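Commentary on secondary and tertiary structure
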Amino acid sequence: MGQAVKILTYEIHNLVRSRWLIGMGVLLLAATEVLFRFGGDPSRAVTSLMNVVFLIVPLVSLVLGTVYFYSSREFNELLLAQPVNRTAIYLGKLAGFTAALSLVFALGTGLPFLLHGYGLGDYAGKVAILLLVGEALVIIFSAVAFLAATRYEDRVKGLGSVILLWFFLSAVYDGLLLLAVHAFHRYPYETPLMALVMLNPIDLGRILVLLQLDISALMGFTGALFRKFYGSGVGTAVSSAMLVLYAAIPIVLGLLSFRRKDF
Amino acid sequence: MRENDVIGIENLSKSFGGVRALDGVSLAVRAGTVTAVLGPNASGKSTLIKCILGLVNPDEGEVHLEDAPVKGEWRYRARIGYMPQSAKFPENLTVDELFALLKDIRKDLPGSGALDTELYERFGLSAIGRRRLGVLSGGTRQRINAAIAFLFAPPLLILDEPTVGLDPLSAVILRDKIRDQRAGGRTVLLTSHLVGEVEEMADHIVYMLEGRPFFDGSIDDLRRLTSEPKLERAIVRLMEENRSGASGQNTDVRNS
């Protein structure tokens, strides 16, 4: 474990100076600030920000993660020739990347809220859940990126596969759900819908944040049912467990693949 | 494996997508010698080295370092210094930070004693310690690469085309260093395309061809076998004879 921590530390050192990450932080900061200035009340800022976050965070984690892992391939070879085990290298690198990206995300979205004085009081909980879910997405999609970059020797395939996945999860999946709802609107589709939403980490995250805002009332009967389930203790436990699972699966698969890989 | 073999390789095979990179290789590297692995491109030199380092998992066969099999192990690499063919380092770290990382990794491991900073100093790396690795030229990266391999004074050095990309002065410094290693009783395994370099430094030659050691013996053995005084010509002669004569038969002088 000690070796993984050493690698993690150096990864963070390397990454926090990366122009890409700094750029991403500045961009998020600017977006949040703009939403604040023009979005009116902070509740609406959180809603708008949520849409930005759930679109951008998975994409950035996937693309930067994949590119970063590919670009460090030759250095990995040097590390692998050192007395370190492969598990420490993989987990150290993944944890380092995730930590750096999480930091950037937390600063970029959280800082404006603090500066505008919403760090405490009513909005603190809402901002906290947005940040928490955002961090979960960073972890999940960074792990997926590392998995893709380990599995595919070819960069184009690796990058292509993560972009396809992002497009599917953030656009196609919702479209298919809407089609299904439309097709089955005569049937009680709410329970299967709730299950299907859970199968997409981005949707699941969005629901968790939406429920913290007062706009779920706008979603009618379905919204009420969602609120009943996801708002309950069981619902929260199940959704958290699902998010953990979504992170664990790519981490474990990536690690297994990295341990067996030829360099 | 004999008593003073550092590396023992038995029946090692590896295929990449149907192409046989290594085809039942058995070899031994004796302690205190400089062994050069020669051969055309794609003859299996790099795969062989990577199997020893555990970077590539062989399909069949075993690699032993001293007495222990290396499969699934990682601590044995504390006894190896490796210089890859080319290296890219994390762009935003400085030269000093890279060396600190590598020292940090080996800190608590047995067999990591006094540091050998000779190359680090002679290559002038202390002067560029604060530079970012991303802005360094290929030649400078290669010098760092070499300094890293020798830094921990390991008993075994594995160098993959060590002088390629180095300026003539640095190449001379590196060759001197390799010779010093042998004088100090250390073992060196290197690959090279430069026959002159091999002739100058190596005691023992392994000529790889299509995933097999086609010739495995000393330079003198090779000369005697082919009655060619020049190493380059001896190798060519060896290949020609093999092509016209009984093809596929390995010429392992040491065992005869």
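Here, the structure is the one placed above.
About the thresholds
- Counting of residues starts from 1 at the beginning of each chain's written sequence and follows it residue by residue.
- The order in which chains are written sets their letters, starting at A; the order in which ligands are written sets their numbers, starting at 1.
- In keeping with the predicted nature of the model, local features appear solely for residues at pLDDT of at least 70, side-chain atom pairs appear and are counted solely at 80 or more, and the whole-chain, interface and lining totals rest on all residues.
- The numbering of helices and of strands both runs from the N terminus, where a helix is a DSSP run of H or I of at least 4 residues and a strand a run of E of at least 2.
- Only C-alpha atoms enter the radius of gyration; for comparison, a globular chain is expected to reach 2.2 Å times N to the power 0.38, where N is the number of residues.
- The contact criterion used is a C-beta to C-beta distance within 7 Å, with each C-beta placed from the backbone.
- The burial criterion counts other C-beta atoms lying within 10 Å of a residue's C-beta, which is placed from the backbone; the residue is buried at 20 or more, exposed at 12 or fewer, and partly exposed between these limits.
- Two strands qualify as a pair provided that DSSP identifies no fewer than 2 bridges between them.
- Classification used: nonpolar for Ala, Val, Leu, Ile, Met, Phe, Trp, Tyr, Cys and Pro, charged for Asp, Glu, Lys and Arg, polar for all others including Gly.
- Take the number of residues in a helix, subtract one, and multiply by 1.5 Å to get its expected span.
- Note that the arc is defined by the directions from the helix axis to the C-beta atoms.

1. Describing the overall build of chain B
The helix and strand tally for chain B stands at 8 helices and 10 strands. The C-alpha radius of gyration of chain B comes to 19 Å, within 12% of the 18 Å expected for a compact globule of 256 residues. The dimensions of chain B, computed from C-alpha atoms along their principal axes, are 60 × 40 × 35 Å. Pairs at least 24 residues apart make up 71% of the contacts formed inside chain B by residues separated by at least 6 positions.

2. A few points about the pairing of strand β3 (residues 34-38) of chain B
In regular strands, side chains alternate between the two faces of the sheet. Residue and element names in this part refer to chain B. Of all 5 residues in β3, 5 are buried; the element is thus mostly enclosed. Taking every second residue as pointing to the same face, both faces of β3 are buried, with V34, A36 and L38 on one and T35 and V37 on the other. Bridge analysis of β3 against strand β8 (residues 187-191) gives 4 bridges, and the strand direction is parallel. Bridging from a neighbouring strand, V34 pairs with V188 of β8.

3. Observations regarding the sheet that holds strand β5 (residues 68-69) of chain B
All names here are of chain B. The antiparallel open sheet is built from 4 strands, whose spatial order is β2-β1-β4-β5. In this open sheet, the two edge strands, each paired with only one partner strand, are β2 (19-30) and β5. Sheet topology places strand β1 (residues 5-16) next to strand β4 (residues 60-65); 5 bridges connect them, and they run antiparallel. Its bridge partner lying in β4, I7 is registered against L65.

4. Looking at the interface of chain A and chain B
Taken together, the contact between chain A and chain B spans 21 residues of the former and 24 residues of the latter. Those elements that provide at least two residues to the side of chain A that touches chain B are α1 (2-15) and α4 (73-80) of chain A. The class makeup of the residues in the side of chain A that touches chain B is 8 nonpolar, 7 polar and 6 charged.

5. With respect to helix α5 (residues 168-183) of chain B
Residues and elements named next belong to chain B. Counted at 1.5 Å a residue, the expected span for α5 with its 16 residues is 22 Å, and the 23 Å between its end C-alpha atoms agrees. For α5, the full list of buried residues reads S170, L174, K177, I178 and Q181. End-on view of α5: buried residues confined to an arc of 100 degrees, all on one side of the axis. Exposed side chains of α5 directed beyond 90 degrees from the buried face belong to P168, L169, V172 and A183. If you follow the buried residues of α5, they end up packed against β3, α3 (118-122), α4 (138-151), β7 (156-160), β8 and α6 (195-201).

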